[in-house]
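# Examining the three-dimensional arrangement
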Amino acid sequence: MKRCAYFGIREGVFKEWSERFVEKASSDSIDRLLPAKLVPLLVRDGSEAFDDFIVNQFFAFLGKEAPHVVENISYLREITDLRYPHEWAKGARKIQRRIVMHVGPTNSGKTYHALQRLQQAKSGIYCSPLRLLAYEVYNRMTGAGISCSLLTGEDRRGPDYENTGVKPAGYAITGEPVSSVLACTIEMAPNVHYNVAVIDEIQMISDRQRGWAWTSALLNLRANEVHLCGEPSAVPLVKKICARLDEEVEVREYTRLGQLDVGRKSLEGNWKNIRKGDCVVTFSRKSIFSIKNTIESKTGLRCAVIYGSLPPEARVEQARLFNDPDSGYDVLVASDAVGMGINLSINRVVFVSMTKWDGEAMKPISVSQTRQIGGRAGRFNSGADGGTVTTMETRDLKLLHSTMNRMPPSLAAAGLKPETEVIEMFSHQFPKVPFSQLWTMFRDIATVGNDFFLCSFRDQEAIAQAIEELPLTIRDRYQFLYAPINCRDPIALSCVRQYAAAVANRQECKVADVIKLPKKEPKTRDDLRVLEQWHRSITLYLWLTFHFPETFTQSEEATEMKVHCEKVIQEGLERIHASTKRPGKQAKKNLGDADTGESQRRHIEGIRKALGIM
């Protein structure tokens, strides 16, 4: 009811038309609300996305059946109509592109073959899901004698012509040397013409937070050849999208290089069964150090660690220590961040648990994630004949076997985000509405096609609330919403307020005025966590130097501070021994099985709950 009230719908009117909406949905008269379509949405994306979809469909219903209920609803739905995203990229439509998909499991050589084609191109771009992969390709191209530039959210780097011996592909009118290839994070891909483009991990086009970047790259990249690397699950969706563009898709399938065995026995909960070359995977960030200490005390093997909030540079160093047989590090303890981005010489992957907290409940990890992480074992050319994947507990072994032997389901839809101009136009209709509330309203009334969805606005709403009171323009405010900010990070939120205030007041922002690194060395996990938050805030400053260069002028000073912070974090990893209790058996919730034949009563109850009329 609250979200509908934003549009001026009174309680009595809402009650009348919400009941009519439920009545029509219960008679299966609304195609997109049929149980066969709603239940998979709930299972795949969770109750939050389900609720958002129901509210959105309620406004679609009002637009057709009761346009008088919301003032200007026809015009609002017209300016928020996102059903035809392929029409946004007119430049790419002028090129007859060749689309090639390289698909296969982890460690099948699919990306290798795409990069081989990139190396042969006169001009090209590699679009990466991670900074680490962009750096890796930058170094690989440079090592092959190809002039390559790097572009990530916080780093822009040209080829090292002096020290590497690579030669420019040509020269710009200004006399500046031009490189052959650009390695970048996918959100930073520039809109210029290339001979060859490579988009890695194309299955992330369905990611609820970042999927929009893959959709944008697929639709907008102006390249004669576009090579897509990823899982076979993306093929049907990509073909469907490309058919609208009158582009055919060539699919090249790859099989795994090297054997992967799923263990017949678990480790039976005994940490003494951990051996050299193991990667122990836990989905609890808090348990990583306690597992590390338990393994070291029980086996005498030394452990490196990798997890998502660890700076990429520290992850690379931890990976190097684990890969080096002479470093003294024998085992890797990692979160799901190990699934992509770093080459690792893993002999065996051990899952501590097969469930993960998804923000709402403990749920089994997806087929895609299990196969991607498990497939890291026995990497080709790592020196191992093959790899093994197993579980710590016997109770998880059956689920591991069934998951590893299944293919991930085909992707259902691709993510979208609205263009800045669309948000500006929408905001003009509600000049007195707070920007954070405007996001919710846009999501509720926007129209997207069956093959697309609006990416989650939750983080953007949190950022919008943090900077709501500042006198920023819509365009500047929108820029901050997609900055690399962890909204659960109190230090980052505090810093973004200070950064945004500098932009609003047109003042120079010096990095040392905002970043206050702790003077003491990190001795506990909490100390390390604080340092990681400060590191992300420095990274955010560097990102802002590219978007607001007049305000954020100290890129060199920020880079020096970032390098120092990474050094202290790495030293902290060497000395920290968590004083937490050893990991025990993880409590499981009764999750039940998804039943697409769910009763009509529960189907309608879900719709009523989403609208707030229970």
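Structural notes, computed from the coordinates. (Residues numbered from 1 in each chain as written. Predicted model: local features only at pLDDT ≥ 70, side-chain atom pairs only at ≥ 80, totals over all residues. Heavy atoms only, no water.)

### Side note on the environment of Lys-167
In plain terms, the rule: Starting at the N terminus, helices and strands are each numbered in turn, a helix being any DSSP run of H or I of at least four residues and a strand any DSSP run of E of at least two. Categorising residues by exposure relies on relative accessible area from a 1.4 Å probe, with only protein chains included: less than 20% of the type maximum marks a residue as buried, more than 50% marks it as exposed, and the intermediate range marks it as partly exposed.
As for its position among the elements, Lys-167 is in the loop between helix H8 (161-164) and strand E5 (170-171). Residue Lys-167 is classed as exposed on the basis of its relative accessible area of 67%. With 22 residues separating them in the primary sequence, Lys-167 and Gly-145 have C-alpha atoms 7.9 Å apart.

### Considering unusual backbone geometry
Look at Asp-28: it is not a glycine, yet its phi comes out positive at around 60 degrees. Among the secondary structure elements, Asp-28 is positioned in the loop between helix H2 (11-26) and helix H3 (35-65). Judged by relative accessible area, which is 40%, Asp-28 ranks as partly exposed. One non-glycine residue with positive phi stands out, namely Asp-246, at about 60 degrees.

### Examining the nonpolar core
Heads up, the rule is: We call a set of buried residues a nonpolar core when its members are Ala, Val, Leu, Ile, Met, Phe, Trp, Tyr or Cys and they connect through side-chain atoms within 4.5 Å of each other.
Membership of the largest hydrophobic core comes to 145 residues, with the highest contact counts inside it found for Leu-62, Ile-199 and Tyr-499. Of all hydrophobic cores here, the second largest spans 27 residues; its members include Phe-283, Ala-304, Leu-344 and Ile-346.

### Regarding the side chain of Arg-131
Test applied: Whenever two N or O atoms come within 3.5 Å, that pair is a polar contact, provided that in protein one can donate a hydrogen and the other can accept it, and provided that, for residues adjacent in sequence, both atoms are side-chain atoms. Between two residues, a contact is recorded if the distance between any of their heavy atoms is within 4.5 Å.
With respect to the helices, strands and loops of the structure, Arg-131 is situated in helix H7 (residues 131-143). Take Arg-131: its relative accessible area is 19%, and that puts it in the buried class. Reaching out from Arg-131, the side chain makes a polar contact with the side chain of Glu-154 at a distance of 2.4 Å. The contact partners of Arg-131, leaving out residues within four places of it in the chain, are Thr-152, Glu-154, Thr-185, Pro-312, Glu-313, Thr-539 and Lys-562.

### Observations concerning helix H9 (residues 211-220)
Counting buried positions over the 10 residues of H9 gives 8, a clear majority of the element. Within the span of H9, buried status applies to Gly-211, Trp-212, Ala-213, Trp-214, Thr-215, Ala-217, Leu-218 and Leu-219. In this fold, the buried residues of H9 make contact with helix H5 (90-93), strand E8 (193-199), strand E9 (222-230), helix H10 (235-244), strand E19 (414-416) and strand E20 (452-454).

### Let's talk about helix H14 (residues 397-404)
Convention followed: As used here, the arc is the angular range of directions from the helix axis to the C-beta atoms.
Taken as a whole, H14 has its buried residues at Leu-397, Leu-400, Thr-403 and Met-404. Mapping the buried residues of H14 onto a view down its axis gives an arc of 130 degrees, with all of them on the same face. The secondary structure elements touched by the buried residues of H14 are strand E11 (259-262), strand E15 (348-351), helix H13 (367-374) and strand E18 (386-391).

### Notes on the pairing of E18
Heads up, the condition is: DSSP bridges decide pairing: two strands pair if at least two such bridges lie between them.
Note that E11 and E18 share 4 bridges and pair parallel. Counterpart to Asp-261 in the pairing with E18 is Thr-388. Here E15 runs beside E18; their pairing, made up of 4 bridges, is parallel. What sits directly across from Val-350, in E18, is Thr-390.

### Observations concerning the pairing of strand E1 (residues 98-103)
The buried fraction of E1 is high, at 5 of 6 residues. Direction of pairing for E1 relative to E9: parallel, over a ladder of 6 bridges. Across the sheet, the residue bridging to Val-100 is His-227, located in E9. Relative to strand E10 (residues 249-253), E1 runs parallel, the two being bridged by 5 bridges. The residue of E10 that forms the bridge with Val-103 is Glu-253.

### As for the sheet that holds strand E13 (residues 303-306)
Let me state the cut-off plainly: Throughout, an axis means a line fitted to C-alpha atoms (over the contacting stretch in the case of helices), and angles, computed between N-to-C directions, take values from 0 to 180 degrees.
Read from one edge of the open sheet, 6 strands run E11-E18-E15-E12-E14-E13, paired in parallel fashion. The sheet terminates laterally at E11 and E13, the two strands that pair on one side only. Along the sheet, successive strands turn relative to each other by an average axial angle of 20 degrees, direction set aside. As judged from the 4 bridges shared by strand E12 (residues 278-281) and E15, these two strands associate in the parallel manner.

### Observations concerning the pattern of salt bridges
For clarity, the threshold we go by: Any carboxyl oxygen of Asp or Glu within 4 Å of a side-chain nitrogen of Lys or Arg constitutes a salt bridge here.
In this structure the tally under the stated criterion is 38 salt bridges. Among the salt bridges present, the one from Lys-356 reaches Asp-336, with a minimum N-O distance of 2.4 Å. In this pair, Lys-356 sits in strand E16 (residues 355-357) while Asp-336 sits in the loop between strand E14 (331-334) and E15, placing the two residues 20 residues apart along the sequence. Assessed through its relative accessible area of 25%, Lys-356 is described here as partly exposed. Through salt bridges with shared partners, a single network forms among Arg-3, Glu-48, Asp-52, Arg-443, Asp-444, Arg-458 and Glu-461.

### Details of the packing of aromatic side chains
To keep things clear, this is the line we draw: Centres within 6.5 Å make a pair out of two Phe, Tyr or Trp rings, where for Trp the six-membered ring is used; the pair is then stacked when the planes are under 30 degrees apart, edge-to-face when over 60, and tilted otherwise.
Evaluated as defined, the whole model comprises 22 aromatic pairs. A centroid spacing of 6.1 Å and a plane angle of 90 degrees characterise the contact between Phe-435 and Trp-439, whose relative ring orientation is edge-to-face. Of this pair, Phe-435 and Trp-439 both sit in helix H16 (residues 435-445), 4 residues apart, which is roughly one turn of that helix. This pair shows no difference in class: Phe-435 is buried, exactly as Trp-439 is. Measuring from ring centre to ring centre gives 5.7 Å for Trp-439 and Tyr-478, while their planes differ by 5 degrees; the resulting arrangement is stacked. Placement of Trp-439 in helix H16 and of Tyr-478 in helix H18 (residues 474-481) is noted, with a sequence separation of 39 residues between them. As far as burial versus exposure is concerned, Trp-439 and Tyr-478 are alike and both buried.

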